[in-house]
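Structure assessment
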Amino acid sequence: LITPIRDEDLPDLWKLLTRGGRLMCAVFALALLPFTLVCVVTGDIDPRRAIAFHAAAQLAAWACCISARTEWGRRHASVLLFVLVSVVNAGLLLAGVQTLSGGNPLRTFALLSPLLMACLAPWRPSLSLLLAVEMAGIYLASLQIAPDPASGGAAASLGVAALSGVGGALTCQTHRTV
């Protein structure tokens, strides 16, 4: 797990990382926006917080997409993908901020992201582990900012993030040997 994967071992790295980034944008669009629409229909939304939340999340996601077109973005594809995944996952974890009740059924997607991203974009195993730690921290912060009454136990969610991070790291390492 600690031996870095050389870029030469993955000749299609940029294409695979780009595919992973597009998947995260699709998850963002397909999960977060309909969730907000459901909240609007049920009346469980604070319009000012929802607009501010979506504006910040979209701005950060688009900044990552635009950065991918720069020379720096091409040279550091895995770092840029990590930032994009972090932005999207923070959006998924903090989606309850826009609701009046704090309810957020999207938290699980973000906690599983280290494993999901490792399956689609073979970045370095350390990035899956780092993403799991980051998601656990943001998850704990989200419970303080917008507590979800329907959320499971924090220990179970942190366990899911840890298993996802280790599973993602192992998956990334197997990309090198396949």
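Right, let's walk through the structure included here.

Definitions and limits used
- Residues numbered from 1 in each chain as written.
- Predicted model: local features only at pLDDT ≥ 70, side-chain atom pairs only at ≥ 80, totals over all residues.
- Heavy atoms only, no water.
- Helix = DSSP H or I, 4+ residues; strand = E, 2+ residues; numbered from the N terminus.
- Buried < 20%, exposed > 50% of the residue type's maximum accessible area, 1.4 Å probe, protein only.
- Contact = heavy atoms within 4.5 Å.
- Areas by Shrake-Rupley, 256 points an atom, 1.4 Å probe, with all protein chains shown as cover.
- Axes fitted to C-alpha atoms, helices over the stretch in contact; angles between N-to-C directions.
- Parallel < 35°, antiparallel > 145°, perpendicular 65-115°, else oblique.
- Left-handed = near helix turned anticlockwise from the far one by under 90°.
- Nonpolar A, V, L, I, M, F, W, Y, C, P; charged D, E, K, R; others polar.
- Disulfide = S-S within 2.5 Å.
- Core = buried A, V, L, I, M, F, W, Y, C linked by side-chain atoms within 4.5 Å.

With that out of the way, let us pick up the overall build of the protein chain. For the protein chain, the count of helices and strands is 8 helices and 0 strands. For the protein chain, the N- to C-terminal ordering of α and β elements is α-α-α-α-α-α-α-α. The buried share of the protein chain, taken over its 178 residues, is 45%. Long-range pairs, those at least 24 residues apart, make up 76% of the contacts in the protein chain with a sequence separation of at least 6. Carbon together with sulfur atoms contributes 71% to the accessible area of the protein chain, which is approximately 9,100 Å² in total.

Turning our attention to the packing of helix α6 (residues 113-120) against helix α7 (residues 125-145). Running from N to C, α6 and α7 point in directions that differ by 155°, and their axes come no closer than 9 Å. By the angle class used here, α6 and α7 are roughly antiparallel. When the axes of α6 and α7 are compared, the crossing they make is right-handed. Residues Ser113, Pro114 and Ala118 of α6 pack against Ser128, Leu131, Ala132 and Met135 of α7. Residues that form the contact of α6 with α7 fall into these classes: 5 nonpolar, 2 polar and no charged.

According to the stated counting rule, one finds 0 disulfides in the structure shown. For cysteine 119, which is in no disulfide, the shortest distance to another cysteine sulfur is to cysteine 172 and amounts to 8.4 Å. Residue classification places cysteine 119 among the partly exposed residues on the basis of a relative accessible area of 46%.

Moving on, we get to the environment of arginine 49. The residue arginine 49 is located in helix α2 (residues 47-67) in this model. By relative accessible area, which is 35% here, arginine 49 ends up partly exposed. Distance from arginine 49 to leucine 100, taken between C-alpha atoms, is 9.7 Å for residues 51 residues apart in sequence. Beyond its immediate chain neighbours, meaning those up to four positions away, arginine 49 contacts Val97, Gln98, Thr99 and Leu100.

Counting 33 residues, the largest nonpolar core has Leu81, Val85, Leu93, Met117, Trp123, Leu131 and Met135 as its most contacted members. Every element with two or more residues in this core is listed here: α1 (13-42), α2, α4 (77-93), α5 (107-111), α6, α7 and α8 (154-177). In terms of residue count, α4 provides more of this core than any other element does, 10 residues in total.

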